[in-house]
Amino acid sequence: MMEKPPLDGSEDRVWLSEGQSETQLTSADGLDGVMETSDEDRPAWDSKIQYVLAQVGFSVGLGNVWRFPYLCHQNGGGAFMLLYVFLLLIVGVPLFFMELAAGQSIRQGSIGVWKHISPKLAGIGYSSCMVCFYVALYYNVIIAWSLFYLGNSFQYPLPWEHCPLDVTTNDTVKECASSSPTSYFWFRKALNITNSIQESGEFNPVMTGCLLAAWAIVSLAMIKGIKSSAKVMYFSSVFPYVVLFIFLIRGLMLDGAMDGITYMFYPKLEIWGNVQVWRQAATQVFFALGLGYGSVIAYSSYNPVHNNCHRDALMVSAINFMTSVLASLVVFVVLGFRAKNIALRCVAKNLGHLSTMTPHESHQTLGWPWINTTDPGSVSLVEYRQWYSHHSSFVGPNITDCSLEEEMNKGVEGTGLAFIAFTEVMALFPASPFWSTLFFLMLLNLGLSTMFGTMQGILTPLMDNFSLLGRHRTLLTVSSCVLGFIMGLLFTQRSGNYFVTMFDDYSATLPLVIVVIFETISVAWVYGTDRFLDDIEVMLKWRPPVVYKYLWKYVCLLAMIGLLAASLLRMVFKRPTYTSWNQNTASEMTLEYPGWALAMIVMLILFASLPVPIGYIHSMLKNRSVPNTGSEEAVGQEMHRELYTKCSSTEQLDSNSHHQVLSEEEKARPRTAFLPMGNEHYRLLPQQEDEDEELDTRV
């Protein structure tokens, strides 16, 4: 007997063999004792705008603000953007559309979706949940850092504006004087960081408190499922855009803003021949859309069956890309202003050194009658660089070039961009506490909207596939947040920032790529792209372009396999490293991970990837343990687990296994697929010769 999970609480009609009675179906995997929630109890979005804000909020995260601009900056500016758009169209959008369609049709979380295609693929969903848990652990630490800086923004002057004094010597703290006030505040006041990952140090009590507050916010926002988190999304998804536009308008008024934009968009087409640039662009597309996490599937599973998910895929992808461009404009406007300020301070410092020379020495040796060393502000950066290019060989080592381009070339990404570079610029703004508060509120909301999606990628599959957890939604949410806080204490010790870097670099990348590869194989080769497009046609009332068939079967799959190979080779040939802060030299250093840390990286990757083969082996062993007695029960169970019927194919079921002969009219009826489309598409097979009237059921 073949079944499909119902779309609502009403009875579902199934194909029955002669002598069998009509039954009510609850799940596609009921034989495992796992009951999936019916649509009668399943939450739904109150409106389309709620759903779009949730998907955009999840996909648009901190990476759009501090990762994409850095990659553009390092990899050819406009040329990298063109490459990114190309990969987004041929890989990102098709895979995003695939996840949206599967989740919306099956109306289950990631575990239920892939188990529905075949029980052998259930491990894909568990791997997604594991990766989501990894990401949630360290992502909430970044939210905790944002809370810490937000709390410190309500004072004037800002605490990272000037170096503190050493109370013992009544002099500037050496570590701060050797670096900068913003670097000192970040590494010493916020993190109180150790010199390496091997020096764990004690817990940072302030950051532990901020982490507790972050998990409390997530718990309260998600305690009622999407009903509560969706209301928060109205603010958390929209507010960052307001702040980005405000910063862009303010930034365009700054000196050096246009220099930053020019530097960002200047194309360097030669980067297209660099394999590593392709790898970085593909990785950014992959993570920007949130592929493989299961959150996209979870959110779309709360949609109406006939929602136009193809339009959603194009719209969310476009919004995501435009947000990255907007964030890049803001970042480069601010970095251009910062670089111009640093260069002008360099000019003033060098002119101060030159002013100690006598007029006779300066004129005879260097010949600059037009340089005014008594008023550095009257000398432009262009004039100084022009003079330096002619007279650099005559000056001492204490007189240096002051290049804006050199400052821009010092690429800043991640926490260095948000907590060091941006804080330095905001300290220069009038009313600096206002701008600082605005910026860290934006980071907080960007982090929270992504965090909600990540947690949904964990909770939805568990509640859908385990009835006990589904009945205790609130307890599951709170327990997950408590567990996340306890395990997150790893990141609040003094060496915690190094573990955040480790998790960010290695815990998600390889497992997610592996997950998406198996997702693509499942749809394109196990289930079949033609059948999948048939299901989407029934769902959308129109058929998507046939190009998706070839993109899913070949282009996306080969691209993901290539990305996996490139990532593995890079990890093998380039020993994993991390950036540490040395307190004595007040500078950053690149160190190799010790042996135990490498073992930890391998374990993180294995724990997230193993559910895929384990699920396959478990299903194979379970199938072998089923006695092949030929009874209707065994046959029904096998068909229950492996075959599904839909209204779009003309294939017949084997008459020997089903003990029935179909009439010509019934042969023309569509065969089932794995996507449930609603009760209006199901028919009850006539059990008697005189029962040929179609039974019509409605959702």
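Refer to the structure above for everything that follows.
Just so it is clear, the structure is predicted and the values come from calculations on it, not from any experiment.

Peer 1: Where do I start with the overall build of the protein chain in this structure?
Peer 2: Within the protein chain, the secondary structure is distributed over 30 helices and 4 strands. Put simply, the protein chain has 699 residues, and 57% of those count as buried. Residue pairs at least 24 apart in sequence account for 78% of intrachain contacts in the protein chain once pairs closer than 6 positions are excluded.

Peer 1: Even after reading the chapter, I still don't get the packing of helix H5 (residues 110-117) against helix H6 (residues 122-152), so can you show me in this structure?
Peer 2: Describing two packed helices takes the angle between their axes plus the distance from one axis to the other. Direction vectors running N to C along H5 and H6 enclose 165 degrees, while the axes themselves pass 6 Å from each other. It follows that H5 is roughly antiparallel to H6 by the angle criterion. Here H5 runs over H6; the crossing is right-handed. Contacts between H5 and H6 involve Ser-110, Ile-111, Trp-114 and Lys-115 from the first element and Ala-122, Ile-124, Gly-125, Tyr-126, Ser-128 and Cys-129 from the second. In terms of residue class, the contact of H5 with H6 is built from 6 nonpolar, 3 polar and 1 charged.

Peer 1: Any chance you could explain helix H8 (residues 181-190) here in plain terms?
Peer 2: Residue pairs three or four apart in sequence face the same way in an α-helix, which turns once every 3.6 residues. A large share of H8 lies buried, amounting to 8 of its 10 residues. Among the residues of H8, those classed as buried are Thr-182, Ser-183, Tyr-184, Phe-185, Trp-186, Phe-187, Arg-188 and Ala-190. Positive phi appears at Asn-192, one or two residues downstream of H8, with a value of about 45 degrees.

Peer 1: Where do I start with the state of the cysteines in this structure?
Peer 2: A disulfide bridge is the covalent bond that connects two cysteines by way of their sulfur atoms. The final tally for this structure, using the stated rule, is 1 disulfide. Here Cys-163 pairs with Cys-176 through a disulfide, and the sulfurs are 1.9 Å apart. Across the disulfide from Cys-163 to Cys-176, rotation about the S-S bond amounts to roughly -85 degrees, and the bridge is consequently left-handed. Taken together, the positions of Cys-163 in the loop between H6 and strand S1 (165-166) and Cys-176 in helix H7 (residues 174-177) put the pair 13 residues apart, joining distant regions of the chain.

Peer 1: Sorry if this is basic, but what is going on with a nonpolar patch on the surface here?
Peer 2: A surface patch of nonpolar side chains, about 590 Å² in accessible area, is lined by Met-130, Val-602, Met-603, Leu-606, Phe-607, Leu-610 and Ile-614. For the nonpolar patch, the leading source of residues is helix H26 (residues 595-609), giving 4 residues. Inspection of the secondary structure puts Phe-607 in helix H26. With relative accessibility at 46%, the residue Phe-607 sits in the partly exposed group.

Peer 1: In this structure, what is going on with the pairing of strand S4 (residues 587-592)? I would like to understand it.
Peer 2: Regular strands show a simple pattern: their side chains alternate between the two faces of the sheet. Pairing of strand S3 (residues 577-582) with S4 involves 6 bridges; the strand directions are antiparallel. Within S4, the position partnered with Trp-581 by the bridge is Glu-588. Where S3 folds back on S4, the antiparallel hairpin that results is connected by 4 residues, among which Ala-586 adopts a positive phi of roughly 55 degrees.

Peer 1: Hey, could you run me through the pattern of salt bridges in this one?
Peer 2: A side chain of one charge can pair with a side chain of the opposite charge if their charged atoms are brought near each other. Inspection of the entire model under this criterion finds 9 salt bridges. Note that Arg-494 is salt-bridged to Glu-202, the shortest N-O span being 4.0 Å. With a gap of 292 residues between them, Arg-494 in the loop between helix H22 (473-488) and helix H23 (496-507) and Glu-202 in the loop between H8 and helix H9 (205-222) connect regions that are remote in the sequence. Exposure remark for Arg-494: the relative accessible area of 19% places this residue in the buried category. Its relative accessible area of 48% is what places Glu-202 among the partly exposed residues. With a closest N to O distance of 3.0 Å, Lys-340 and Asp-255 form a salt bridge. Placement of Lys-340 in helix H15 (residues 309-354) and of Asp-255 in the loop between helix H11 (239-252) and helix H12 (257-265) is noted, with a sequence separation of 85 residues between them. If you follow the salt bridges from partner to partner, you end up with Asp-534, Glu-537 and Arg-543 in one network.

Cut-offs and rules
Residues numbered from 1 in each chain as written. Predicted model: local features only at pLDDT ≥ 70, side-chain atom pairs only at ≥ 80, totals over all residues. Heavy atoms only, no water. Helix = DSSP H or I, 4+ residues; strand = E, 2+ residues; numbered from the N terminus. Buried < 20%, exposed > 50% of the residue type's maximum accessible area, 1.4 Å probe, protein only. Contact = heavy atoms within 4.5 Å. Axes fitted to C-alpha atoms, helices over the stretch in contact; angles between N-to-C directions. Parallel < 35°, antiparallel > 145°, perpendicular 65-115°, else oblique. Left-handed = near helix turned anticlockwise from the far one by under 90°. Nonpolar A, V, L, I, M, F, W, Y, C, P; charged D, E, K, R; others polar. Disulfide = S-S within 2.5 Å. Patch = residues over 30% accessible without salt bridge, like charges linked within 9 Å, V, L, I, M, F, W, Y side chains within 5 Å. Areas by Shrake-Rupley, 256 points an atom, 1.4 Å probe, with all protein chains shown as cover. Salt bridge = Lys/Arg side-chain N within 4 Å of Asp/Glu carboxyl O. Pairing = 2+ DSSP bridges.

All quantities given are derived from atomic positions and should not be read as evidence of function.
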